[in-house]
Amino acid sequence: MDWNDLRYLLAVAREGSTLAAARALSVNQSTVHRRIVELERQVGLRLVHRHPTGYRLTEMGEQLLPVFAEVEESIARLQRTVLGLQQELTGAVRLTCPEPVLSRIVACGFVDRFHDRYPGLRIGFVISDRYVDLANGDADVAFRSGEPSDERLVGRKIADSTWAVYASRDYVKRRGQPHTIEDLLQHDLIGFDGVMENHRATQWLASTLPGAHVVARNNSVLGVVSAVKAGLGIAPLPTPIGDAEGELIKVLPPVSALARAWYLLCHPDQRETPRIAAFIDFVVEELPVLRKVLGG
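Since we're looking at a predicted model, the values are computed, not measured. All residue numbers refer to positions counted from 1 along the written sequence of the respective chain. Only residues with pLDDT of 70 or above have their local features reported here, since the model is predicted, and side-chain atom pairs are shown and tallied only from 80 upward, although totals for entire chains, interfaces and linings are computed over all residues. In computing side-chain properties, one takes all heavy atoms of the structure into account and sets aside hydrogens as well as water.

Describe the sheet that holds strand β7 (residues 163-168), and please don't skip the residues or the numbers.
The 3 strands lie next to each other as β10-β7-β11, forming an open sheet whose pairing is antiparallel. Two strands lie at the open edges of the sheet, namely β10 (235-238) and β11 (248-252), each paired on one side alone. With strand direction ignored, the average angle separating the axes of adjacent strands in the sheet is 55°. The pairing criterion is simple: DSSP has to find at least two bridges between the two strands. We count a stretch as a helix when DSSP gives it H or I for four or more residues in a row; a strand needs E for two or more, and each element gets its number in order from the N terminus. Where β7 meets β10, 4 bridges bridge the pair, whose relative direction is antiparallel. Across the sheet, residue Tyr-166 finds its bridge partner in β10, namely Ala-235. Throughout, a contact is declared for two residues whenever any of their heavy atoms are within 4.5 Å. A fitted line through C-alpha atoms serves as each axis, taken over the contacting stretch for helices, and the angle formed by two N-to-C directions is quoted from 0 to 180°. Contacts between helix α9 (residues 221-229) and the sheet are confined to β7, β10 and β11, with β10 contributing the most and set at about 125° to the helix.

So, in structure tokens, the structure goes:
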């Protein structure tokens with residue numbers, strides 16, 4: 001049923017004629033006639049009597065009139081609610097994510113499409129390779145790799161995170177290419193420290209390759225990428241980043257021990273805030289794009 005047609009019957013009942021109803025609705029009289037006929041077809045009931053002096057509601061029309069009026073008020077209430085939400089959709093959504101994925105998120109058009117959808121909102125990035133405290137209000141939402149450990153947060157999985165082992169073309173030319181994980185013991189490796197010292201890649205290197213020759217360490221993924229590109233050594237890297245670097249070669253395939261999931265997280269108190277709810281709904285729409293950006 002086209003609920004918009006109810007307006008025409010209600011206007012006729014209130015104004016007393018199709019001509020007066022047409023004036024009230026700023027349409028022509030033939031439109032009022034046509035929409036009432038269509039409404040009668042949809043409900044399968046005769047709703048008005050047509051007389052030379054005008055229209056009069058049938059008994060069935062009189063019985064349905066209060067219900068139609070309730071629907072009209074519900075639609076008006078819905079419109080007022082939507083308008084109120086639209087007016088609340090202003091300000092910033094502070095998104096925290098690791099530094100290496102920032103350029104990919106921007107390059108895929110995600111940010112521009114969000115701003116086009118919600119002109120009153122803007123994404124503000126809080127970039128860090130450490131976990132920003134959402135519960136403390138340091139950011140509103142997070143794209144985070146790894147199983148959520150903070151029970152104060154809620155969220156959903158949005159992509160898979162895969163890591164493989166990379167070296168520069170120059171390094172492979174000079175030192176050869178490893179073919180197994182054990183072969184890495186014969187090569188120079190790049191490690192992580194600082195905020196990355198507890199990262200799963202750091203733990204994997206320590207547990208899988210004890211005694212490995214680590215020639216350099218860095219406290220960010222992009223720093224390790226730079227060291228690998230410079231030919232200093234070999235390192236595990238996220239596949240979306242490693243594959244995008246033309247100077248690098250994937251010397252070993254994705255390591256299952258380093259596989260994790262990407263999550264969209266926020267504090268439950270923020271979940272129903274209109275601007276945060278709008279962002280989360282938009283992320284769900286963009287999942288096919290984000291899976292490529294975050295997971296490769």
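Still more to cover.
Give me the pairing of strand β12 (residues 260-266): which residues, what numbers.
Working definition: with a 1.4 Å probe on protein chains only, accessible area under 20% of the residue-type maximum means buried, over 50% means exposed, and in between means partly exposed. Most of β12 sits inside the fold, with 6 of its 7 residues counted as buried. Examined bridge by bridge, strand β5 (residues 141-145) and β12 share 5 bridges and lie antiparallel to one another. Following the sheet pairing, Arg-144 is matched in β12 by Tyr-263. Where strand β6 (residues 154-161) meets β12, 7 bridges bridge the pair, whose relative direction is antiparallel. Looking at β12, one finds that Arg-156 is bridged to Leu-264.

Which residues make up the layout of surface pockets, and what values go with them?
Cavity: a set of points on a 1 Å grid over the protein atoms alone where a 1.4 Å probe fits but cannot get out. Pocket: an open set with protein on both sides within 12 Å along at least five of seven lines, its lining residues, like those of a cavity, having an atom within 4 Å of a point. Grid points are joined across faces, edges and corners, and a volume is the space filled by probe spheres set on the points. Taken as a whole, the largest pocket spans an internal volume of roughly 540 Å³. Breaking the lining of the largest pocket down by element, the ones donating at least two residues are β3 (91-97), α5 (99-107), β5, α8 (200-208), α10 (239-244) and β12. In terms of residue count, β5 provides more of the lining of the largest pocket than any other element does, 4 residues in total. Looking at the lining of the largest pocket residue by residue, the class counts come to 17 nonpolar, 9 polar and 6 charged. The computed volume of the second largest pocket comes to approximately 150 Å³. Leu-189, Gly-191, Phe-192, Thr-202, Leu-205, Ala-206, Leu-209, Pro-210, Gly-211, Ala-212, Val-214 and Arg-217 are the residues that line the second largest pocket. Secondary-structure elements contributing two or more residues to the lining of the second largest pocket are β8 (188-192), α8 and β9 (213-218). Split into classes, the residues belonging to the lining of the second largest pocket amount to 8 nonpolar, 3 polar and 1 charged. Throughout, the ten residues Ala, Val, Leu, Ile, Met, Phe, Trp, Tyr, Cys and Pro are labelled nonpolar, Asp, Glu, Lys and Arg are labelled charged, and all others, Gly among them, are labelled polar.

Break down the packing of helix α6 (residues 110-117) against helix α12 (residues 274-285) for me, citing the residues and quoting the values.
Two elements in contact, α6 and α12, have axes separated by 11 Å at closest approach and are oriented at 130°. In terms of orientation, α6 and α12 fall into the oblique class. In terms of crossing hand, the pair formed by α6 and α12 is right-handed. Between α6 and α12, the contacting residues are Phe-110, Arg-113, Phe-114 and Arg-117 on the first element and Ala-278, Phe-279, Phe-282, Val-283 and Glu-285 on the second. Class assignment for the residues of the contact of α6 with α12 results in 6 nonpolar, no polar and 3 charged. Roughly parallel here means an angle under 35 degrees, roughly antiparallel means over 145, roughly perpendicular means 65 to 115, and every remaining angle is called oblique. Handedness of a helix crossing follows the sense of rotation of the near helix relative to the far helix, less than a right angle counterclockwise being left-handed and clockwise being right-handed.

An account of the environment of Tyr-166 is needed here, citing residue identities and associated values.
By secondary structure assignment, the location of Tyr-166 is in strand β7. On a C-alpha basis, the gap between Tyr-166 and Lys-250 in space is 4.5 Å, while along the polypeptide they are 84 residues apart. In this structure the side chain of Tyr-166 is engaged in a polar contact, spanning 2.6 Å, whose partner is the side chain of Asp-243. Pairing of N or O atoms within 3.5 Å defines a polar contact, subject to two protein rules: one partner must be a possible hydrogen donor and the other a possible acceptor, and residues neighboring in sequence count only if both atoms are side-chain atoms.

Describe the environment of Thr-239, listing the residues and the values that go with them.
Tracing the sequence through the fold places Thr-239 in helix α10. Residues Thr-239 and Thr-162 lie 77 residues apart in sequence; the distance between their C-alpha atoms is 5.9 Å. Look past the residues within four positions of Thr-239 in its chain and what remains in contact with it is Thr-162, Trp-163, Ala-164, Tyr-166, Pro-254 and Gly-295. In terms of polar contacts, Thr-239 uses its side chain to reach the side chain of Thr-162, at 2.6 Å.

An account of the sheet that holds β6 is requested, with residue identities and associated values reported.
Spatially, the 5 strands line up as an open sheet ordered β4-β3-β5-β12-β6, and their pairing is mixed. Of all strands in the sheet, those with a lone pairing partner are β4 (121-127) and β6, marking the two edges. Strand after strand, the sheet turns through a mean of 20° between neighbouring axes, direction not considered. Those strands touched by α12 are β3, β4, β5, β6 and β12, and its axis lies near 50° from that of β3.

Talk me through the nonpolar core; I want residue IDs and the actual numbers.
Side-chain atoms within 4.5 Å link the members of a nonpolar core, which is a set of buried Ala, Val, Leu, Ile, Met, Phe, Trp, Tyr and Cys residues. In this structure, Val-165, Leu-184, Val-221 and Ile-234 are the most contacted members of the largest nonpolar core, which totals 31 residues. When residues of this core are traced back to their parent elements, those giving at least two are β7, α7 (169-175), β8, α8, α9, β10 and β11. Excluding anything up to four places from it in sequence, Val-221 contacts Pro-100, Asp-129, Trp-163, Phe-192, Met-196, Leu-237, Pro-238 and Ile-241. Of all hydrophobic cores here, the second largest spans 29 residues; its members include Val-93, Trp-262, Cys-266 and Leu-287.

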